[in-house]
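# Results of the structural survey
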Amino acid sequence: MSTVSEKRSIGRPADQAKREAILAAAAHSFFEKGFAATSIEQVAADAGVSKVTIYNHFGDKQALFAASVDRECSTMRSSLELKSLPTGTLRQRLTAIGEAMVAFLSRDEMVQFDRRIAAETERDPTIGEAFLQAGPYRMRTAFAGLLDTMVASGELAINDTALAVEQFVSMCKGMGDLERRFGRPVDAELERKRIDGAVDVFCRAYAVEECDRK
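None of these values were measured; they are calculated from a predicted model. (Residues numbered from 1 in each chain as written. Predicted model: local features only at pLDDT ≥ 70, side-chain atom pairs only at ≥ 80, totals over all residues. Heavy atoms only, no water.)

Attention shifts here to the overall build of the chain. What the chain contains, in helices and strands, is 12 helices and 0 strands. Tracing the chain from N to C terminus, the helices and strands come up as α-α-α-α-α-α-α-α-α-α-α-α. For the chain, the residues scored as buried account for 39% of the 214 residues in total. Once local pairs closer than 6 in sequence are excluded, the contacts in the chain between residues at least 24 apart make up 71%. A total accessible area of about 11700 Å² is found for the chain, and carbon and sulfur atoms account for 53% of it. (Helix = DSSP H or I, 4+ residues; strand = E, 2+ residues; numbered from the N terminus. Buried < 20%, exposed > 50% of the residue type's maximum accessible area, 1.4 Å probe, protein only. Contact = heavy atoms within 4.5 Å. Areas by Shrake-Rupley, 256 points an atom, 1.4 Å probe, with all protein chains shown as cover.)

See the structure below:
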């Protein structure tokens, strides 16, 4: 059991370093092995900390899983911040978002992780819910916030930005995620057509002015 002094120490620089080490080890294990095959003991050993330290930071294995998913998706979310977007036309910015998103979802480790979590959710639905809340739903919120900014600036006219996010993401992915899940290799030319088509349809539906094609 942890002591009061241990709990009060959380937040110090050394403690933050331990937290990062735990998350790095946990993310690697969860994405490589899945939820069920990941043990707190192994994560502690890989991170060079004790099990008590992990429980002090995260409480339980599912909370550690959620934090690991959140960490993995943070890079994708950061690309949806206004300051991170490349300059250019609305079409160019939407294209950059679509490209980053498809590249993120197409990584081998993400495809493997998706398969494992889908299978494990059959046994324990709370695992799937934890993944959705920490990953896809947070990214949807971040993207919707970006679209809200574009609406406020007068570039887009959208009543429901959360729904618009789902529409854009679905068009960019097409059947690509399904194909990858069942072992089809990535088709770069088809992915290019999907992203360009998604941006074209999205602009026609929501752009206040006609999107430049350049």
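On average, residues of the chain score 86 in pLDDT, and 88% of them reach the 70 mark or higher. Element-level mean pLDDT values for the chain span from 43 in helix H1 (residues 4–8) up to 97 in helix H10 (residues 161–173). Note on residues 1–9: pLDDT under 50 across the span, and 8 contacts to partners over four residues away in sequence or across chains. (pLDDT = per-residue confidence, 0-100.)

Among all positions of helix H8 (residues 125–134), only Ile127, Gly128, Ala130, Phe131 and Ala134 are buried. All buried residues of H8 lie within an arc of 160° about the axis, which places them on one face of the element. (Arc of directions from axis to C-beta.)

What follows deals with the packing of helix H3 (residues 40–47) against helix H4 (residues 51–58). For the pair H3 and H4, the least separation of the axes is 9 Å and the interaxial angle reads 100°. Classified by the angle their axes make, H3 and H4 are roughly perpendicular. Along its contact with H3, which presents Ile40, Glu41, Val43 and Ala44, the element H4 presents Lys51, Ile54 and Tyr55. For the contact of H3 with H4, the per-class residue count stands at 5 nonpolar, no polar and 2 charged. (Axes fitted to C-alpha atoms, helices over the stretch in contact; angles between N-to-C directions. Parallel < 35°, antiparallel > 145°, perpendicular 65-115°, else oblique. Nonpolar A, V, L, I, M, F, W, Y, C, P; charged D, E, K, R; others polar.)

Here we take up the pattern of salt bridges. Within the structure shown, the criterion is met by 13 salt bridges. The partner of Arg93 in a salt bridge is Glu155, and the shortest N-O contact between them spans 2.4 Å. One end of the pair, Arg93, is in helix H6 (residues 90–106); the other, Glu155, is in the loop between helix H9 (136–152) and H10, with 62 residues separating them in the sequence. Note on Arg93: relative accessible area 13%, which makes it buried. Overall, the relative accessible area of 26% leaves Glu155 in the partly exposed class. (Salt bridge = Lys/Arg side-chain N within 4 Å of Asp/Glu carboxyl O.)

At a minimum axis distance of 7 Å, the contact between H10 and helix H12 (residues 188–206) shows a crossing angle of 150°. If you check the angle between H10 and H12, you find them roughly antiparallel. Handedness of the crossing formed by H10 with H12: right-handed. Facing Ala164, Gln167, Phe168, Met171, Cys172 and Lys173 of H10, the residues of H12 in contact are Arg194, Ile195, Ala198, Val199, Val201, Phe202 and Tyr206. Tallied by class, the residues present in the contact of H10 with H12 amount to 10 nonpolar, 1 polar and 2 charged. (Left-handed = near helix turned anticlockwise from the far one by under 90°.)

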